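Topology and contacts: notes
As a plain string of letters, each chain reads:
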Amino acid sequence: MLVTNRQFKTGVISNIKLLMALIAILFTVPVSAFEDDEGCLICHKYPMMGRVTDDGVLRSYYVLPHVFSRTVHRNVPCRDCHSYIKEIPHRPVKEGVTCNQECHSVKNPATGANFSHKHIYDAYIESTHGRKKQASGNDADKPYCINCHTNPLYNPGESGPPAHIADRCVVCHEKREFVERWYNHTSRRIRDVRRSSQDIIELCSTCHGDKELVDRHIKQAEEEGRELGRKFPIAVETYKDSFHGKLTQLGFGKTASCLDCHARKKDYFKSVHEIRPSRDPASPTHKDNKLETCQQCHVYADENYIALDPHPSSNKDDNVFRYYAEKIYNIIAVSVIIMLIGMSLLETVGRRRDGVAWRLRQGSTWRRKSSRGRDRIN
Ligand code: HEC
Ligand code: HEC
Ligand code: HEC
Ligand code: HEC
Ligand code: HEC
Ligand code: HEC
Ligand code: HEC
């Protein structure tokens, strides 16, 4: 079994970079807050602003300016997302923010067009998880963008570029604010801030490990005559039983996490939004694509190797061989233990009859009289 060296190296290098960046925090300058052109924060900056909804859920309505100004969305005006707010003071809000909207204030510098996440959305909506923002019934179980993404901080723990870098950019670009903005944008993406294997497993398990949710969908699929993958009911528990799952739980991050198999390594950041069931020929878990998927790490994998089940289970319907093998091993294991205990008992009884007494302190002794006249004391 081989894992390419490159993977390990990039991991180490990015860790060193991260460490250097963390050290550099000590020398940083504070970032100026974003501009609240629309005046939303006149009301929304007050901590504790919120209310308890009719269903008894506490909703927070405050946005802390010094925190928001360090998030990846800080240059997006509130109403580019909350576009349903048309006047101030505004009416009670009914709709939510959808992530396929066009920004009216932020342009994509590469294309010059209004920026939007629409092409991610288009891939996502075609995927097995695709759903509308306002979803009901079983569709509501599927993850929308904000189930997986909050509004992350640019480089957490760092409030701006290290001075020695910023100074160098400023010497040409003159405006420090420009430099800080671009530094934050690029440095976050260059660093390996993506989720760890453990985080990915936790994310997918919140739903795929939720028995009630899974059962709901099996029932619904049956009613609709729809097919679900044969591992759908047991995806998480069987992964955790697998070699990959165990190693990951032990903290070895280079084994396969859910997304290493269910998304493609090439174009990874788009591919994670295109998860499809294994019966779909476009899925990296489809039988025709499995070889390529496993070979990303197991360079010498062949057809026999990929026949090994990444979701191994000893369920009778799922794998008859494993089921009986486990049964037989269990019988053998139990018999061996019974025989061991039996032998010890026989031996003990035999010795007792030969005049060996039991004592807790000072060990056993030979000073007892044998009931069979085989007394060891002369
Ligand atoms: C005059 C004060 C004021 C201003 C200015 C204001 N809001 Fe509000 N906002 C409120 C109050 C009060 C609530 C709580 C309303 C409620 O509980 O029904 C609220 C609630 C909200 C909610 C949550 C509503 C819900 O039920 O989910 C959003 C989103 C929101 N505001 C966005 C904005 C945005 C974006 C702006 C700027 C364009 C803005 N607000 C400007 C007072 C204000
Ligand atoms: C990148 C898009 C984006 C930007 C920019 C943004 N928000 Fe939001 N905001 C959201 C999302 C998504 C939610 C979660 C509720 C939802 O899904 O509709 C939310 C929730 C809220 C809520 C709570 C509403 C609730 O239903 O619980 C308030 C209040 C709010 N935002 C105010 C603001 C203010 C004020 C600003 C500007 C400083 C702002 N938002 C900027 C996307 C955004
Ligand atoms: C099932 C969870 C899930 C859903 C749903 C999801 N994403 Fe993602 N997204 C991810 C993962 C995983 C990554 C890879 C980066 C990481 O590991 O954090 C990612 C990466 C991204 C990135 C790149 C971020 C960066 O800084 O490199 C963007 C942008 C993004 N997603 C937007 C969206 C949008 C828009 C939607 C809704 C249409 C969406 N995502 C739905 C899990 C999800
Ligand atoms: C020696 C001078 C010099 C230094 C140092 C320098 N830049 Fe530049 N930068 C330029 C010039 C000239 C351009 C425009 C020409 C081009 O696109 O190649 C530019 C373009 C850019 C652009 C593209 C702007 C746009 O809208 O197209 C960004 C972003 C940028 N620089 C960021 C930085 C950052 C961040 C640093 C520090 C790490 C930096 N630069 C250091 C000279 C410099
Ligand atoms: C918010 C809950 C949620 C999260 C998080 C989630 N899923 Fe799903 N997933 C679902 C639901 C619901 C279905 C659809 C079942 C159906 O079609 O009825 C599904 C379907 C699937 C399917 C196709 C099942 C089939 O047989 O058709 C795969 C594969 C899958 N998810 C993998 C993942 C992976 C990998 C992750 C982690 C990145 C993940 N899911 C995260 C809820 C979730
Ligand atoms: C080593 C690769 C690999 C890893 C890691 C992996 N899977 Fe799978 N997964 C597969 C393959 C291949 C199938 C198809 C199995 C079959 O039916 O033979 C599958 C099937 C599934 C299914 C059933 C639907 C379908 O597409 O057939 C779900 C749901 C699923 N996996 C979720 C997960 C989750 C959640 C994780 C992480 C906890 C995970 N997988 C980790 C390769 C993997
Ligand atoms: C992201 C990389 C990655 C992917 C993709 C991946 N594996 Fe693995 N796998 C590993 C690592 C790392 C180990 C354990 C390290 C070792 O054995 O030295 C491992 C171990 C295994 C083992 C345990 C026995 C052995 O050979 O060491 C099996 C079986 C296995 N993988 C099967 C698969 C199959 C089948 C696929 C494709 C469906 C797959 N793997 C995809 C990284 C991966």
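On a predicted model such as this, the values are computed, not experimentally measured, just so you know.

**Some points on the overall build of the protein**
What the protein contains, in helices and strands, is 17 helices and 4 strands. Burial statistics for the protein: of 378 residues in total, 26% are counted as buried. The contacts in the protein between residues at least 6 apart in sequence include a share of 48% that link residues at least 24 apart.

**Regarding the site of ligand 7**
In the region of ligand 7, 17 residues are neighbours, and H244, C294, C297, H298 and Y305 sit closest. Here H298 contributes a side-chain N or O atom positioned 2.7 Å from a nitrogen atom of ligand 7. In this structure, an oxygen atom belonging to ligand 7 sits 2.6 Å away from a side-chain N or O atom of Y305. Counting only elements with at least two residues in the shell around ligand 7, the list comes to helix 12 (243–249), helix 15 (290–295) and helix 16 (303–306). Of all the elements, helix 12 adds the most residues to the shell around ligand 7, at 3 residues. For the shell around ligand 7, the per-class residue count stands at 11 nonpolar, 4 polar and 2 charged.

**Some remarks on the site of ligand 3**
Neighbouring residues of ligand 3: 16 residues in total, closest C145, C148, H149, R195 and H273. The separation between a nitrogen atom of ligand 3 and a polar side-chain atom of H149 is 2.7 Å. Residue R189 places a side-chain N or O atom 3.5 Å away from an oxygen atom belonging to ligand 3. For the shell around ligand 3, the secondary structure elements donating two or more residues are helix 5 (118–126) and helix 6 (145–148).

**Quick word on the pattern of salt bridges**
Inspection of every chain in the model, using the stated rule, returns 10 salt bridges. Across the pair R216 and D141 runs a salt bridge whose closest N-O atoms are separated by 3.0 Å. Residue R216 is located in helix 10 (residues 211–224), and its partner D141 is located in the loop between helix 5 and helix 6; the two are separated by 75 residues in the primary sequence. Assessed through its relative accessible area of 37%, R216 is described here as partly exposed. For E347, the salt bridge is made with R351, and the minimal N-O distance between the two is 3.4 Å. Of this pair, E347 and R351 both sit in helix 17 (residues 320–353), 4 residues apart, which is roughly one turn of the helix. On the basis of relative accessible area, E347 is assigned to the partly exposed category, the value being 47%.

**Structural notes on the coordination of the iron atom of ligand 2**
The protein gives the iron atom of ligand 2 a lone donor atom, H82 (NE2), placed 2.0 Å from the metal. Here H82 shows up in the loop between helix 4 (78–81) and strand 3 (102–107).

**Here we look at the packing of aromatic side chains**
Applying the stated rule across the entire model yields 5 aromatic pairs. Where F178 meets W182, the ring centres are 6.2 Å apart and the plane angle is 55°; that geometry is what we call tilted. One end of the pair is F178 and the other is W182, both in helix 8 (residues 176–190) and 4 residues apart, which spans about a single turn. Judged by relative accessible area, which is 34%, F178 ranks as partly exposed. Their ring planes at 85° and their centres at 5.4 Å tell us that Y268 and F269 sit as a pair that is edge-to-face. Using a relative accessible area of 57% as the deciding quantity, one classes F269 as exposed. In textbook terms, an aromatic cluster arises when at least three aromatic residues are bridged by ring pairs, as seen for Y121, Y124 and Y144.

**Some details on empty space enclosed by the protein**
Counted by the stated rule, this structure contains 1 cavity of 30 Å³ or more. Taken as a whole, the largest cavity holds about 60 Å³ of empty space. The wall of the largest cavity is formed by 10 residues, among which R70, Y154, E158, S159 and N184 lie closest to the centre. Classifying every residue of the lining of the largest cavity by side-chain character gives 2 nonpolar, 5 polar and 3 charged.

**With respect to the coordination of the iron atom of ligand 4**
Looking at the protein side alone, the iron atom of ligand 4 has one donor only, H173 (NE2), at 1.9 Å. Its place among the elements puts H173 in helix 7 (residues 163–173).

**Here's the deal with the nonpolar core**
Within the largest apolar cluster, 9 residues are counted, these being I200, I201, C204, Y239, C258, L259, A263, Y268 and I275. Of all the elements in the fold, those that place two or more residues in this core are helix 9 (197–208) and helix 13 (258–262). In this view, I200 contacts R195, S257, C258, L259 and Y268; residues no more than four positions away in its chain are not counted.

Analysis parameters
- Residues numbered from 1 in each chain as written.
- Chains lettered and ligands numbered in written order.
- Predicted model: local features only at pLDDT ≥ 70, side-chain atom pairs only at ≥ 80, totals over all residues.
- Heavy atoms only, no water.
- Helix = DSSP H or I, 4+ residues; strand = E, 2+ residues; numbered from the N terminus.
- Buried < 20%, exposed > 50% of the residue type's maximum accessible area, 1.4 Å probe, protein only.
- Contact = heavy atoms within 4.5 Å.
- Near = heavy atom within 4 Å.
- Polar contact = N/O pair within 3.5 Å; in protein donor to acceptor, adjacent residues only side chain to side chain.
- Nonpolar A, V, L, I, M, F, W, Y, C, P; charged D, E, K, R; others polar.
- Salt bridge = Lys/Arg side-chain N within 4 Å of Asp/Glu carboxyl O.
- Donors = N, O, S within 2.8 Å, 3.2 Å for Na, K, Ca; no water.
- Phe/Tyr/Trp six-rings, centres within 6.5 Å; stacked < 30°, edge-to-face > 60°.
- 1 Å grid on protein atoms, 1.4 Å probe; cavity = no way out; pocket = protein on both sides within 12 Å on 5 of 7 lines; lining within 4 Å.
- Points joined across faces, edges and corners; volume = space filled by probe spheres on them.
- Core = buried A, V, L, I, M, F, W, Y, C linked by side-chain atoms within 4.5 Å.

Interpretation note: all reported values are geometric properties and have no functional meaning in isolation.
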